[in-house]
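Topology and contacts: notes
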Amino acid sequence: MIEFQQKLSQEKPMPEERNIWLIADLHIDKSLHLATVDRLVALRQMADSEDLLIIAGDITDDGSDEQYELAGRMLAPWSGNIVLAPGNHDCGMCGLLWQTACWRRWQKLCGKLGAMIETRTTDMFIVALDSTLHTVWPGDLARGRIGRIQLRKIAGWAKQAKAEDRKLVLVAHHSPLDGERALELVDRGELIRKAQDCGVAMLLVGHEHKKRREIIGGLDVISAAAWKDGAAPMAIHMGTTPR
């Protein structure tokens, strides 16, 4: 939703040299396993103080107050150095029903953590997108959409990145690689074409719950495996295979 691009903090000056860690699909709920917390603590301890954490959606399991409270405590050590893209589970019950109350909790979490929509590294200009889809009928299930407004904005971001001699990197929850109807990004074709036309270097996603990488016409699409299932964080570097 365009509110995502308007209401959250837009940008914060950042150190040029920093590592980038990608995770996705934490699905935090009241039955949270200690191993999930321990791995986040270990990542924070391993990382440098100014490293950047990118989470490609589904931080919570159904967007409840309790789950967002837990998420805020777990992610607090990354405050000010975090980029968040919303997932379907962050915005409604079981990830199937989009709810305004859940969306407001998401915005509150982003504000609490100082989460950024745009940030920069030495060679990247990183922008988080909202791919969540308002549920209109039961068949929408866990599908996503970037939407015309965000698609139009990509050209401007690409122009800005080029002027700064950086590569544009987009972050979203839903993956254009997943063709399963219940999970698909419904405008994936438009996203891929726009990204290719504008020279987007990378698209970082989650949702599939599996580690996957595919290069489509020069666009490097990288999908993170589910953190809740024990996945390791992915170190993202321009021009290299994620570790």
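Everything numeric here is computed off the predicted structure, so don't read it as measured data.

Parameters and conventions
Sequence order sets the numbering: in each chain, residues are counted from 1 along the sequence as written. Where local features are concerned, this predicted model is filtered to residues with pLDDT of at least 70; where side-chain atom pairs are given and counted, the filter is 80 or more; whole-chain, interface and lining totals use all residues. By convention in this description, side-chain values take in all heavy atoms of the structure and omit both hydrogens and water. Numbering of helices and strands runs from the N terminus; a helix is a DSSP stretch of H or I covering at least four residues, while a strand is a stretch of E covering at least two. Categorising residues by exposure relies on relative accessible area from a 1.4 Å probe, with only protein chains included: less than 20% of the type maximum marks a residue as buried, more than 50% marks it as exposed, and the intermediate range marks it as partly exposed. For this analysis, residues touch if any pair of their heavy atoms sits within 4.5 Å. For two strands to count as paired, DSSP must find a minimum of two bridges between them. Think of pLDDT as the predictor's per-residue confidence, scored from 0 to 100. Here the term cavity refers to a set of points on a 1 Å grid, laid over the protein atoms alone, in which a 1.4 Å probe fits but cannot get out; the term pocket refers to an open set having protein on both sides within 12 Å along at least five of seven lines, with lining residues being those that place an atom within 4 Å of a point. Grid points are joined across faces, edges and corners, and a volume is the space filled by probe spheres set on the points. Residue polarity is assigned by list, with Asp, Glu, Lys and Arg as charged and Ala, Val, Leu, Ile, Met, Phe, Trp, Tyr, Cys and Pro as nonpolar; anything else, Gly included, falls into the polar class. The directions from the helix axis to the C-beta atoms are what the arc is built from. Think of a patch as exposed residues, more than 30% relative accessible area, with no salt bridge, where like charges cluster within 9 Å and nonpolar side chains (Val, Leu, Ile, Met, Phe, Trp, Tyr) cluster within 5 Å. Here the Shrake-Rupley method, with its probe set to 1.4 Å, supplies the accessible areas, and only the displayed protein chains count as covering residues. Basic side-chain nitrogens of Lys or Arg form a salt bridge, by our definition, when they fall within 4 Å of a carboxyl oxygen of Asp or Glu. Helix span, as expected, comes to 1.5 Å for every residue beyond the first.

1. Here we look at the overall build of the protein
Helix and strand content of the protein: six helices and twelve strands. The 243 residues of the protein split such that 54% are buried. Put simply, of all contacts in the protein between residues at least 6 apart along the chain, 75% involve residues at least 24 apart.

2. Quick look at the sheet that holds strand S1 (residues 20–23)
Spatially, four strands are ordered S3-S2-S1-S12 in an open sheet, and the strand pairing comes out mixed. Looking at the sheet topology across the chains shown, the edges are occupied by strand S3 (82–84) and strand S12 (234–235). Two elements, S1 and strand S2 (residues 52–55), share four bridges in a ladder whose sense is parallel. Bridge pairing in S2 links Ile23 to Ile55.

3. Some thoughts on the environment of Ser64
Its location among the elements puts Ser64 in the loop between S2 and helix H3 (65–75). Distance from Ser64 to Asp29, taken between C-alpha atoms, is 8.6 Å for residues 35 residues apart in sequence.

4. Digging into the confidence of the model for the protein
Residues with a pLDDT of 70 or more make up 90% of the protein, whose mean pLDDT is 88. Segment residues 1–15 is flagged for pLDDT under 50; beyond a separation of four residues in sequence, or across chains, it makes 46 contacts in the model.

5. What about empty space enclosed by the protein?
Under the definition given, this model contains one cavity of 30 Å³ or more. Taken together, 13 residues form the lining of the largest cavity, with Asn88, Gly95, Trp98, Leu133 and Thr135 sitting closest to its centre. Residues of the lining of the largest cavity, tallied by class, amount to seven nonpolar, five polar and one charged.

6. Quick notes on the pairing of strand S7 (residues 124–128)
Buried residues dominate S7, accounting for five of its five residues. Across the two faces of S7 the burial is the same, with Met124, Ile126 and Ala128 and Phe125 and Val127 all buried. Across three bridges, the pairing between strand S6 (residues 118–120) and S7 is antiparallel. Its bridge partner being in S7, Glu118 is matched across the sheet by Val127. Between S6 and S7, which pair antiparallel in sequence order, lie three residues. Strand direction decides the pairing type here: S7 and strand S8 (residues 167–171), joined by five bridges, are parallel. For Ala128, the partnering residue across the bridge sits in S8 and is Val171.

7. A few points about helix H6 (residues 188–198)
For the α-helix, the turn length of 3.6 residues means that residues three or four positions removed from each other point alike. Taken residue by residue, H6 has Leu191, Ile192 and Ala195 as its buried positions. Viewed along the axis of H6, the buried residues span an arc of 95 degrees, placing them on a single side of the element. Against the buried residues of H6 lie helix H5 (148–163), strand S9 (202–205), strand S10 (212–216) and strand S11 (219–223). Where H6 terminates, the next one or two residues include Gly199, which has phi positive at roughly 75 degrees.

8. Quick look at a nonpolar patch on the surface
Side chains of Met93, Leu96, Leu97 and Leu141 sit close together on the surface and give an oily, nonpolar patch of about 330 Å² of accessible area. Topologically, Met93 is positioned in strand S4 (residues 92–93).

9. Details of the pattern of salt bridges
In total, this model carries eleven salt bridges according to the counting rule given. In this structure, the salt-bridge partner of Arg166 is Glu164, at a minimum N-O distance of 3.2 Å. Taking the relative accessible area as the measure of exposure, Arg166 reaches 15% and is therefore buried. Lys228 is paired through a salt bridge with Asp229; the nearest N and O atoms lie 3.1 Å apart. Judged by its relative accessible area of 52%, Asp229 falls in the exposed class. Put simply, Arg143, Arg181, Glu184 and Arg188 are held in one network by salt bridges that share partners.

10. Thoughts on H5
Between its first and last C-alpha, H5 extends 24 Å over 16 residues, near the 22 Å set by a 1.5 Å rise per residue. All of the buried residues in H5 are Gln150, Leu151, Ile154, Trp157, Ala158 and Ala161. Looking one or two residues past H5, Asp165 carries a phi angle of roughly 60 degrees, positive in sign.

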